[in-house]
Every structure is written in structure tokens, then in C-alpha cells.
Amino acid sequence: MSENKDQKFVYDFTEGNKDLKDLLGGKGANLAEMTNLGLPVPPGFTITTEACKVYLESGDEPVELRDEVTAHLDALEKKMGKKLGQADNPLLVSVRSGAKFSMPGMMDTVLNIGLSDKSVEGLAQQAGDERFAWDSYRRLIQMFGKTVLGVDGELFEEALEEAKAAKKVTVDTDLDAGDLKKLVKGFKKIVKTEAGRDFPQDPREQMDLAIKAVFDSWNGDRAKLYRRQERIPHDLGTAVNVCSMVFGNLGPDSGTGVAFTRDPASGHQGVYGDYLQNAQGEDVVAGIRNTVPLADLESIDKKSYDQLMQIMETLENHYKDLCDIEFTIERGQLWMLQTRVGKRTAGAAFRIATQLVDQGLIDEAEALQRVNGAQLAQLMFPRFDEKSSVEQIGRGIAASPGAAVGKAVFDSYTAVKWSRSGEKVILIRRETNPDDLDGMIAAEGILTSRGGKTSHAAVVARGMGKTCVCGAEELEVDTKRRRMTVPGGHVVEEGDVVSIDGSTGKVYLGEVPVVPSPVVEYFEGRMHAGADDADELVKAVHRIMAYADRVRRLRVRANADNAEDALRARRFGAQGIGLCRTEHMFLGDRRQYVERLILADTDTEREEALKALLPLQKQDFVELFEAMDGLPVTVRLLDPPLHEFLPDITELSVRVALAEARKEPHENELRLLQAVHRLHEQNPMLGLRGVRLGLVIPGLFTMQVRAIAEAAAERIEAKGDPRAEIMIPLVGTVQELELVRDEAEQVIAEVQAQTGVELKLALGTMIELPRAAVTAGQIAECAEFFSFGTNDLTQTVWGFSRDDVEASFFTAYLEKGIFGVSPFETIDKDGVGALVRSAVQAGRATRPDIKLGVCGEHGGDPESVHFFHEVGLDYVSCSPFRIPVARLEAGRAAAQSSGSDSR
């Protein structure tokens, strides 16, 4: 029951508008908007998301809902001049889902509600077409049986295939009225057997059950999986749209289609979409019958085509964006069934945004909001080398770009199973349906032999940024035998490697080599956006990135440990290094020096080991400061526990045992094994590491500080401009930092005295322990900067050992909705984020000019970047490849915040 007696649960299409998506869902709001614009929309009404929420919470619909639906149905019947399901001239309706955010194919739809054994005859008389009426009736029983009564849809498909085989035809349209009458009889038997009840003959019962089924579909497995994938909140609910039916299956002068105001794959302007004569809407999206290009409609029905072109222009200008449109033509009369801002590929998003700016429809600030970091990251993925000699075996429609390679699999279950075992797979189907969603998510790419750019596979793949090739008709897909036959008779078996190019539609046998994307070449300076031959996409990316850089407040640094990475980061737009991990400088050939340090029994041995490391460390820093000349470089002193620099305990034990058995010298291995046992910890992440190492092992941190100071002095003497910052890791109390700072300042003073060079080296700390965050005000008294180490902070706040939990139970937590997304991927705003926010406030209260940044992996995560902008950090730091993404999202965060301030 609802608590508010005055709450309105049903809105006529004439009552809403496009801004009521929270209440009416995207479909209902846009149907209302098109009605307001005077476009030809079949009359109908929308049941709100609030009614769905009441139903899902209580298990029953609001008591007021039935009366409201009855009142709106009465009004619709008066408007249409006929009653729902009446025998002689029946009103038929569709019941369709429509959540706030588009979830293509994930929830339920039922068409032709109102048909029964009696009204089907009336529809035949009304339409003057008996075949059409019985085709509509069999569609209702099929959809209702599967969607509302839970009957296995394959049973209906098999019966339909048997009917076509008996008549020796291959397409539905070749079945006549007599064939369809028999099919309806068979369908009703399937319903009776599988559902344990007869197909309902009462039209109102049909409609009420369909409405409940749509509500229930919000919590269906595929809908929940899609929401997790797309990070759509689970508490929004869906609206239900009840719309008077218009029919595209009345003959050759009728049909149905999907249109885009621009190409959703490339962003280019033109006539894009699919049309199918003598069909209902689901036939196009399902990809069961191959469509014709929308442009062909001009020769089929010039009047409807011209009207559609005008409406498409009206809608794009009104929404100021690419529009995705569903329409039906009923005996030459065009009807608009849906519009929405269309899903598009990453490349199309950037192109369309700049095109709309050039057309004066949006400004640069809005263009920046039309793209995102995930799309930019997708554009930076490698693409296939077109010069490769790998055999091309087919070509389909380029539905969603990318270069995907994997083993061929022919069902969703296998795709998921193989993917979880570490295999990369390509999901190959004749056509996909919503039940394939988990396999589509698991696969590297999707290949279908049927369907076009508006098919289920294409629409869902574009939304997920997944590579997809559709409608490769020359490929014969046999899902039962798990194989695909290509022209010339070659057979691709399950497990064979195939490659698909979602940008060209080409399909290859074997693995195709890849080359860098033009966007990466642009960021690396190998392609100039202003050059005449510059890629159109590169030009669009350049324009939007330039605007993002102008408006962003957050600076973007790189996590880089050597000069090569630093130079690449600088080319990608890094404004310094936010994290240089010095432990990486101790690996490889230098591991022997660390072993000497660990095995040192006397002060002299320890000092000699440190003395050997000093020049190596210094040279590393000289090269790094030179690469980042004029930009800040934050150097983190040694952080991991020392045992990580020693051989594996099992490996060492074997070496010692073998040496003893062979009576070979093994004193060094024995000492190393004793050291490994001595340094062993139950939980090394919380043991002797970070600042604790510097305080327990005399001379370790001072050696590193000296190397940094001497390198800075050398660069200054060479007329360079080093801007080194020394960062002490894992500080939990200000006393730790004070002790290390005192030693560091003493060393810096000694280097200044020795070289005669004035050094300005900032000293700060990582905030990566809850206690450090809570006592940030005290720590700021001793720190000139904070860098939030959100990787460790997340582990310690949640009590997680990342190496263990991600493999053991994170999948279950995501499936159960405990996490919307892994807290290691996107910052946990309520927990970890709250500590970051309070530490920022406390640090600035103590030291107003303190510099604040983040150097965990969250620094390159789009959603997290917005949070760091909001709490007032000065910079984010991330891996070099993610720098463009962080730059873009920092610009978007600034533009959003500026837009909300102005409102």
C-alpha cells in the first residue's frame, strides 16, 4: 500500500515531459515530450516508477493503482473509439518497460494485449486481413507466455520452426492464416502444459498481469546484471508504458524500424538505421530477420520517409544530441513509438560533441560533458594492423569498434566459464538476446550472423564499449554443433582463435597483430592534430582535451619510477611525478646490494652496503629530475618489507638442501635462508615496512635522502630546475615523521655545505593509515604536503588484504549488491572518502598552504577524480597511460562544479 493518498501513479502522455525521467522513466518522459511537440505518437499512459517501488517493497501494487489505470484506460478507449479486447473492433495495447536509464532488452515488453479467441476475428475484419490478425495473436501468446507466465521461449521458437519446415518455407511471412491458426493452437497447448493454466482470454487480466511482469522484470537476473555492469542504482524502479497498438505487420505498406539522427558507430551525419517491412518492432531489435538500410525506405514509401527525416531533424535540434528513434508505419501512416538520446561508440561521442558545437547547438562546456574518461580510454586501445597477412574469413556490419581476439565460443555459459579460467573468448551467435548478457560481458567481443546496427547485440555492445560485428551473413553459425562454417567450406570449431574488427566489420581466422591507436600517437606527439592528414577523431579529441585543460583546477601527475616512463608521462600531459617508488630501483642486478644490507652483521657491513647503493640511487634521480625538469617529482622512500627483496623461501630451501646433499659450498644461501626466516611476518602489509624501516635500519632513509639531495644539486649545477619532494610512507603518528624529518634535514644541510648549492626540498608524507587521516592536523605541523595512498588506505579501512579478497569473495559481494563497484577501482566515498575529506580539512586548518594530492590507483579512475576535485585536492597522480583520462575528468569535474554553482 502507498502511504500518500494524494500520490498520482498514472500520467497520460499529454501530461508529462522529458524532464520527468525519474518519475516516468526515459521512455514515458520522451513519449510525452514527442506528444507535446505535436509528433504522431499513439495515445497511451505511463504508470510511474513510484508505483513500481511500492510494488517491489510491499509485494503488491498500490491500492489506488487499479482505479487510476481504469480511469486512464476508459479515457484511452473514448479517444480511440473502441474498447480493450472487444469482439468486433478491439482496442489493442502494448505494455512496455521504461526505466530512467536505458536498459535495452533487459526488461519486459508485451505487444498486442487485448487479443483473444473472439477478438482475433474482430481484428481480422477490422483490418481486412486474416493472416495479420492471427500473426498478431500468435505473437501475443508467445510474448505473454515467455514474459508473464515464465514459459521457456525456445519451445515457441521450436514450434514456429516446425511450422515453417512443414510448409517448406524459411521466413515467418510465408506462413498463411491457416498455418498461423494451427500455430496459435499449438502455442496455447504449450502455455497450458508449461504454465499449468490456459492463456487468459480476459483482456484486462492480460494487461494487469503484463504490468506486474514488467515490475517484476526490474529485479530479473539479466536486469540486475546489466545495472551492475553499467553502475545503474538498483532502487530506481521502472515505469510501465501502456500504449495503443499500431501495426507494422499489416502488409507490404506497413513496417517497423529504428533510426539514428547520426551514425552511432562513427558519429557521421547521414541516414542511419534499419527498416523491416511487414513486421513488428521486436523483429528489428531481435535481429531474427535481416533488415534493409533505412535509406531504402525512400523507395518503399517516399511520403513516410520524408516525414521521418523531418521528425528526426526536429528531435535532434530539440534534444541537441544524437537521437535513437523507434517507429512503425501502419498502411502508410507513420507513428513514433520511442525516442531517446542514443547510445554511441567512444569515437562517435567525441565527433558528435564537436559537431554539435560547430552547429551552434551546444557550447564547449556542454561538449565536455558529452564525453567521459572511459570512452577516451577505449579510444587509446590498440587496433588491428591492416597490413597483416592473417586470413580474412568474413565481413559484417561494424556495430561497435575495437580490436578483439579470442577463442570462438557459441553460447553464453561457455563464454563465462572459459573467461573465468583466464581464456579470452569471442561469443559467436546467430543473434543475441537478453539472456546472453552475462556471456557478452565475459567475452572480448561479439560476432553475429544476423542483425544490424540496431540489433540487440549492437545496441548492448555499444553501451558496454564492447567490440561487436553483426550481420555477417556469409558465416553459417551452428550453435548446436558449436561451429561456424565460412565461405569456401572452412569450419571454425569451438576453441579456434578468431579476431574481429568492430571498426571495419572484418572477421579473421587466427590472431591479428595490433598497432597503436591514432589517439595514442597524438598524445605521444607522433601525430599533430592540426596537420592536414590528421585523423578526424584526433581533431575532435584534441579540441575537447584543450578545453578540459583550460577549465580544470586539478593538476595531473604521473606514477613513474624511471626516466623513460617519466618522459612518456610528460608527453601524455603529466604536470610532474606524484609517486616515484624507489623500491623498483632495487630490483634486477641491484638486488645483490639489498641482500648485502639485509645480511649485514655489523655497522661497517651495513654502511658499506648503503655506500654501494648511494651512487646508483643518485644516478636514477639525476635522470628522473632531468626528464621532469621544471616539474615536481615526489620520491617515496623505501616502502615494502625487506623480505620482498630476498629469494622465495621454498626456492632457497631447495637450493640449500641440494647443496648440502652434494656437499657443495652454500654459506651465502644458508645466510639468506636464515634472513628470510628472521624477517618472516604473519601479515607483512602491517609489519616492518615504510617509515618503520627507516627508523629501525640506521642509514637506510638517510642514504636515499642524500641520493635525492646530491642529484638535485647536480642538476642545479647543470642549469636544470629540479623540484624534488621527499615523501615518507606509512606514517601513523607525527612523532615518526618528526624523527625522519630531523635526519633528512641534517643530510640536506650537509649536501648543501658540500656542494655550495642551495636546495629547496619539500618533505611530506603519505596518508594511507586511518590513524594518519584522523590525526592529519597534527601531522600537518611537520609535513609540507600530503599524498593520499588510497590503495593501502582502502585496505586498512575495510580490513581487506587486496591480494586475497579480490579472488576469494569480491565476485560474491558484487553479485549480492554489497559493492556497486570494487572499492579498489572507485573510491569508497562514504568510508575511505570520509577520511580523505576530514584529513584535507584538518591538514589545511593547521597549514593553509599544504599541498594535497593522491597517488593511489584511484587517481586515474574517472568517478574518483570527481570526488578528489570536490574535496579540494591540488592534484591526482596515476599511471602514464591514464593521464589523458584524468585530465579529461578533471576538466569535466570543474565544468560540472561551475555549472552547478551558476545554477
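Our structure's up above, just so we're on the same page.
**Q** It is not clear to me how the overall build of the chain should be interpreted in this structure. Could you clarify?
**A** Within the chain, the secondary structure is distributed over 36 helices and 31 strands. Over its C-alpha atoms the chain spans a radius of gyration of 33 Å, differing by no more than 12% from the 29 Å that the globule rule assigns to 903 residues. Looking at the 903 residues of the chain, the share that counts as buried comes to 56%. Sequence-distant contacts in the chain: of pairs separated by 6 or more residues, those separated by 24 or more amount to 68%. Positive and negative side-chain charges in the chain, numbering 108 and 142 respectively, have mean positions lying 2 Å apart.

**Q** Would you take a moment to explain the sheet that holds strand 26 (residues 632-636) for this structure?
**A** Two strands in a sheet stick together by hydrogen bonds in their backbones, pointing the same way (parallel) or opposite ways (antiparallel). A barrel is described by the order of its strands in space; here 8 strands give the closed sequence 24-25-26-27-28-29-30-31, paired in parallel fashion. When strand polarity is set aside, the average angle formed by the axes of neighbouring strands in this sheet is 25 degrees. Direction of pairing for strand 28 (residues 762-767) relative to strand 29 (residues 785-788): parallel, over a ladder of 3 bridges. When the bridges of strand 29 are listed, Ile-767 appears paired with Phe-788. Helix 23 (residues 603-627) contacts strand 25 (577-581), strand 26 and strand 27 (723-728) of the sheet and is inclined by roughly 150 degrees relative to strand 26.

**Q** Sorry if this is basic, but what is going on with the pairing of strand 30 (residues 851-854) here?
**A** Where a strand is regular, its side chains alternate between the two sheet faces. Where strand 29 meets strand 30, 4 bridges bridge the pair, whose relative direction is parallel. Bridge pairing in strand 30 places Phe-788 opposite Val-854. Looking at chain direction, strand 30 and strand 31 (residues 875-878) are connected through 2 bridges and run parallel. Looking at strand 31, one finds that Gly-853 is bridged to Tyr-875. As a crossover connection, the stretch from strand 30 through helix 35 (residues 862-871) into strand 31 is right-handed.

**Q** Sorry if this is basic, but what is going on with the pattern of salt bridges here?
**A** When charged atoms on two side chains of opposite charge get close, those side chains can pair. Applying the stated criterion to the full structure yields 58 salt bridges. Here Asp-135 and Arg-138 are joined by a salt bridge, their closest N and O atoms 3.0 Å apart. With Asp-135 and Arg-138 both in helix 5 (residues 130-147), this residue pair falls 3 residues apart, about one helical turn. Here the two residues Asp-135 and Arg-138 agree in accessibility, since each one is buried. Measuring nitrogen to oxygen at the nearest pair gives 3.2 Å for the salt bridge that ties Arg-557 to Glu-725. Residue Arg-557 is located in strand 24 (residues 555-559), and its partner Glu-725 is located in strand 27; the two are separated by 168 residues in the primary sequence. The same class applies to Arg-557 as to Glu-725, namely buried.

**Q** When you look at a negative patch on the surface in this model, what are you seeing that I'm missing?
**A** A cluster of acidic residues, Asp-152, Glu-154, Glu-158, Glu-162 and Glu-194, forms a negative patch on the protein surface. Broken down by element, the residue count for the negative patch peaks at 3 residues, all from helix 6 (residues 153-167). Mapped onto the fold, Glu-162 is located in helix 6. We classify Glu-162 as exposed; its relative accessible area is 56%.

**Q** What am I meant to see in the packing of helix 22 (residues 591-599) against helix 23 here?
**A** When two helices pack together, their arrangement is given by the angle between their axes and by how far apart the axes lie. Packing of helix 22 against helix 23 brings their axes to within 8 Å, and their N-to-C directions diverge by 155 degrees. The angle between the axes of helix 22 and helix 23 places the two elements in the roughly antiparallel class. The two elements helix 22 and helix 23 cross, and the hand of that crossing is left-handed. Seen from helix 22, the contacting residues are Tyr-593, Arg-596, Leu-597 and Leu-599; seen from helix 23, they are Glu-605, Arg-606, Ala-609, Leu-610, Ala-612, Leu-613 and Leu-616.

**Q** Please explain a nonpolar patch on the surface as it appears in this structure.
**A** Nonpolar side chains collect at one region of the surface, where Leu-695, Val-696 and Leu-739 lie side by side and expose about 270 Å² of accessible area between them. Structurally, the position occupied by Leu-739 is in helix 28 (residues 734-755).

**Q** How should the sheet that holds strand 13 (residues 397-400) be read in this particular structure?
**A** Read across the open sheet, the 8 strands follow the order 12-22-21-14-15-16-17-13; overall the sheet is mixed. Each edge of the sheet is formed by a strand with only one pairing partner; in this case those strands are strand 12 (392-395) and strand 13. If you compare each strand with its neighbour and ignore which way they point, the axes differ by 30 degrees on average. Note: strand 14 (residues 403-409) against strand 21 (residues 497-501), 5 bridges, orientation antiparallel. Looking at the pairing, Gly-406 lines up with Val-498 of strand 21. Lying on the sheet, helix 16 (residues 412-420) is in contact with strand 14 and strand 15 (425-429); it crosses strand 14 at an angle near 110 degrees. Strands in contact with helix 18 (residues 456-464) are strand 13, strand 16 (445-448) and strand 17 (467-470); relative to strand 17, the strand with the most contacts, it is inclined by about 165 degrees.

**Q** Just to check I follow, could you spell out the pairing of strand 16 for this structure?
**A** Side-chain alternation along strand 16 places Gly-445 and Leu-447 on one buried face and Ile-446 and Thr-448 on a second face that is also buried. Summarising the sheet, strand 15 and strand 16 pair through 4 bridges and their orientation is parallel. Across the sheet, residue Arg-429 finds its bridge partner in strand 16, namely Thr-448. For the segment spanning strand 15, helix 17 (residues 437-442) and strand 16, crossover handedness is right-handed. Taken together, the 3 bridges between strand 16 and strand 17 define a ladder with parallel strand orientation. The partner of Ile-446 across the bridge, within strand 17, is Cys-468. Since strand 16 and strand 17 lie parallel, the crossover through helix 18 that links them has a hand, and here it is right-handed.

**Q** Help me out: how do you make sense of the nonpolar core in this one?
**A** Soluble globular proteins tend to bury their nonpolar side chains together. Counting 133 residues, the largest nonpolar core has Phe-350, Leu-376, Val-541, Ile-728 and Phe-786 as the members making the most contacts within it. Here this core takes 10 residues from helix 27 (residues 700-717), the largest share from any one element. Apart from residues lying up to four places away in sequence, Ile-728 is in contact with Leu-637, Val-691, Phe-701, Leu-737, Val-740, Leu-763, Gly-764, Thr-765 and Met-766. Ala-133, Val-148, Leu-183 and Phe-247 belong to the second-largest nonpolar core, a separate cluster that totals 59 residues.

**Q** How should I be thinking about unusual backbone geometry in this particular structure?
**A** Most peptide bonds take the trans form, and the phi angle of most residues other than glycine is negative. Positive phi outside glycine occurs at Lys-168, with the angle close to 60 degrees. Along the chain, Lys-168 turns up in the loop between helix 6 and helix 7 (177-195). Judged by its relative accessible area of 77%, Lys-168 is exposed. Look at Arg-331: it is not a glycine, yet its phi comes out positive at around 50 degrees. Judged by relative accessible area, Arg-331 falls into the partly exposed class, the value being 40%.

**Q** What should I look at first to understand the side chain of Ser-304 in this one?
**A** By the secondary structure assignment, Ser-304 is in helix 12 (residues 302-319). Contact partners of Ser-304, with chain neighbours within four places excluded, come to Ile-329, Gly-332 and Leu-334.

About the cut-offs
- Residues numbered from 1 in each chain as written.
- Predicted model: local features only at pLDDT ≥ 70, side-chain atom pairs only at ≥ 80, totals over all residues.
- Heavy atoms only, no water.
- Helix = DSSP H or I, 4+ residues; strand = E, 2+ residues; numbered from the N terminus.
- Rg over C-alpha atoms; globule rule 2.2 N^0.38 Å.
- Buried < 20%, exposed > 50% of the residue type's maximum accessible area, 1.4 Å probe, protein only.
- Contact = heavy atoms within 4.5 Å.
- Lys, Arg positive; Asp, Glu negative; His and termini not counted.
- Charge placed at Lys NZ, Arg CZ, Asp CG, Glu CD.
- Pairing = 2+ DSSP bridges.
- Axes fitted to C-alpha atoms, helices over the stretch in contact; angles between N-to-C directions.
- Right-handed = clockwise from strand over helix to strand, strands pointing away.
- Salt bridge = Lys/Arg side-chain N within 4 Å of Asp/Glu carboxyl O.
- Patch = residues over 30% accessible without salt bridge, like charges linked within 9 Å, V, L, I, M, F, W, Y side chains within 5 Å.
- Areas by Shrake-Rupley, 256 points an atom, 1.4 Å probe, with all protein chains shown as cover.
- Parallel < 35°, antiparallel > 145°, perpendicular 65-115°, else oblique.
- Left-handed = near helix turned anticlockwise from the far one by under 90°.
- Core = buried A, V, L, I, M, F, W, Y, C linked by side-chain atoms within 4.5 Å.

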